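Reading the structure
Residues per chain are reported as follows:
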Amino acid sequence: MKIFQQDIRVIHDLHITDDRVPYQDDRAVMVYLALEYPERYYFYKFTMFKDFVEQVAYPYRPKPGSSENILHFLNVCNIVLGEIENDDELINMHLNRLGSTEYPDNHLHILAQDVIYAAVQHLLVPNRGVTLPVNVTVNAGEYVATNIEPSLQGAFINHIQNAERNKRIGDLGELFVMEWEEKRLRGVGVMNPRVTHDSKNIGDGLGYDISSYSDDRLVRYIEVKTTTGNITQPFFITASELKKSQEDTRRFYLYRVYNYNPETKAGEVWIIQGELTQYCVSPSVYEVKLKQVV
């Protein structure tokens, strides 16, 4: 987005010689993206987003002009969309109200924004910003990784649906850990704990999701892996996460959240501190990049 805004400014300055400005702010760029990629983006409005996250106690406060707003906005919209996709009655009501000449909203992104708008404009929330406290059980047991051999047996798997569900549970698990980290730090006397959602503030590829700190004030880089199943459910570790754990062993933590219930905000957590090499024993995907042999 920033590159687009910079480039459009160059084009504008080449052709416009008076004091007019291009007005290609974040909201305008999000309109272009939502129109071109309706399955990925939403129409962004700062005030609506700000009011909604305050209403649902989302752990981020939008700041005017900050690029972090967009990543968190997309995250919030996707979480709402995940809830909508479980409500067949609402989806049918929404689709039945659309005529043949109206935008079909096949990806339900407009409906997700309608829900956010309605919550801000029409719902009276007496306990605004008050939510269930997290309920965390820490597992102090010891576990080792087991090797998973490919079965070479056919199966019909809805990979897209599974990926979308796993993404939603993963996002909720990160929010769950953020809230728990703030609670943990307050428990050791930190009055205003600063726990940041770096994978949303900065983007993916950092090798971790959340930055917090330990009781001794040493920065703690936390990668979160969440499942609604038990602790034996497999999970994936990326090359970036493995590298981060190897290069920053003392400050790297993996929080394995399992038996997670997003409705009650309850779950169990097993924590790994240090590098992850010993757990990476079953490669399932290889990235292949070709180059021509000269």
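Owing to the predicted nature of the structure, the values given are computational and were not obtained by experimental measurement.

Ranked by size, the top nonpolar core spans 49 residues in total, and within it M30, F73 and V177 carry the most contacts. For this core, the elements supplying multiple residues, two or more each, are helix 2 (26–36), helix 3 (46–55), helix 4 (68–84), helix 6 (109–121), helix 7 (159–187), strand 2 (210–213), strand 3 (219–226) and strand 4 (252–261). Considering each element in turn, this core owes the most residues, nine residues, to helix 4. In contact with M30, other than residues within four places in its own chain, are M1, Y41, Y42, Y44, I70, F73 and L74. With ten residues, the next largest nonpolar core counts Y208, I272, L276 and Y279 among its residues.

Glancing now at the pattern of salt bridges. When charged atoms on two side chains of opposite charge get close, those side chains can pair. Under the criterion given, the structure shown has 14 salt bridges. Among the salt bridges present, the one from R168 reaches E83, with a minimum N-O distance of 2.2 Å. Linking R168 in helix 7 with E83 in helix 4, this pair joins segments that are 85 residues apart in sequence. Overall, R168 belongs to the buried group, its relative accessible area being 12%. In this structure, K225 and E223 form a salt bridge, with 3.4 Å as the shortest nitrogen-oxygen distance. Each member of the pair K225 and E223 is classed as buried. The structure contains a network of salt bridges with shared partners spanning K167, D171 and K200.

A separate point is a nonpolar patch on the surface. Together, Y286, V288 and L290 make up a nonpolar patch on the protein surface, roughly 430 Å² of accessible area in all. Tracing the chain through its elements places L290 in the segment after strand 5 (266–273).

Note that L123 resides in the loop between helix 6 and strand 1 (135–139). Between the C-alpha atoms of L123 and Q55, which are 68 residues apart in sequence, the distance is 9.8 Å.

Within the secondary structure, H109 is located in helix 6. Considering only alpha carbons, one finds H109 and F176, 67 residues apart in sequence, at a separation of 24 Å. In terms of polar contacts, H109 uses its side chain to reach the side chain of Y42, at 3.5 Å.

This part is about the side chain of T227. Mapping T227 onto the fold places it in the loop between strand 3 and helix 9 (239–247). Reaching out from T227, the side chain makes a polar contact with the backbone nitrogen of G229 at a distance of 2.9 Å. The residues contacting T227, other than those within four sequence positions of it, are I169, Q233, R256, V257, Y258, N259 and Y260.

Further remarks concern the sheet that holds strand 2. Pairing within the open sheet is mixed, and its five strands lie in the order 1-5-4-3-2. Every interior strand has two partners, whereas the edge strands, strand 1 and strand 2, have only one. Ignoring strand direction, the axes of neighbouring strands in this sheet form an average angle of 35 degrees. Bridge count between strand 1 and strand 5: five bridges; the pairing is parallel.

Relative to the 24 Å expected for 17 residues at 1.5 Å per residue, helix 4 spans 25 Å between its end C-alpha atoms, a close match to the ideal helical length. Within helix 4, 13 of the 17 residues are buried, which leaves the element mostly enclosed by the surrounding structure.

Turning next to the packing of helix 4 against helix 6. Relative to each other, helix 4 and helix 6 sit at 100 degrees, their axes nearing to 9 Å. Between helix 4 and helix 6, the angle is such that the two are roughly perpendicular. For the pair helix 4 and helix 6, the contacting residues are F73, V76, C77, V80, L81 and I84 in the first and H109, L111, A112, Q113, V115 and I116 in the second. Taken together, the residues that form the contact of helix 4 with helix 6 break down as ten nonpolar, two polar and no charged.

Attention shifts here to unusual backbone geometry. Excluding glycine, most residues fall at negative phi; most peptide bonds, likewise, are trans. Even without glycine at this site, N259 takes up a positive phi of about 50 degrees. For N259, the location among the structural elements is in strand 4. Classification of N259 as partly exposed rests on a relative accessible area of 35%. Notably, K265 is not glycine yet its phi reads approximately 55 degrees, a positive angle.

What follows is about the packing of aromatic side chains. This structure, assessed with the given rule, holds eleven aromatic pairs. Seen from their ring centres, Y37 and Y41 are 6.3 Å apart, and the 55 degrees between their planes marks the pair as tilted. A network of ring pairs unites the aromatic residues Y42, Y44, F49 and F73 as a single cluster. If you follow R40 out to its NZ or CZ, it ends over the ring of Y37, 5.5 Å from the centre. The ring of Y221 carries the charged tip of K244 above its face, separated from the ring centre by 4.1 Å.

Cut-offs used in this document
Residues numbered from 1 in each chain as written. Predicted model: local features only at pLDDT ≥ 70, side-chain atom pairs only at ≥ 80, totals over all residues. Heavy atoms only, no water. Core = buried A, V, L, I, M, F, W, Y, C linked by side-chain atoms within 4.5 Å. Buried < 20%, exposed > 50% of the residue type's maximum accessible area, 1.4 Å probe, protein only. Helix = DSSP H or I, 4+ residues; strand = E, 2+ residues; numbered from the N terminus. Contact = heavy atoms within 4.5 Å. Salt bridge = Lys/Arg side-chain N within 4 Å of Asp/Glu carboxyl O. Patch = residues over 30% accessible without salt bridge, like charges linked within 9 Å, V, L, I, M, F, W, Y side chains within 5 Å. Areas by Shrake-Rupley, 256 points an atom, 1.4 Å probe, with all protein chains shown as cover. Polar contact = N/O pair within 3.5 Å; in protein donor to acceptor, adjacent residues only side chain to side chain. Pairing = 2+ DSSP bridges. Axes fitted to C-alpha atoms, helices over the stretch in contact; angles between N-to-C directions. Expected span 1.5 Å × (residues − 1). Parallel < 35°, antiparallel > 145°, perpendicular 65-115°, else oblique. Nonpolar A, V, L, I, M, F, W, Y, C, P; charged D, E, K, R; others polar. Phe/Tyr/Trp six-rings, centres within 6.5 Å; stacked < 30°, edge-to-face > 60°. Lys NZ or Arg CZ within 6 Å of the ring centre and 35° of its normal.

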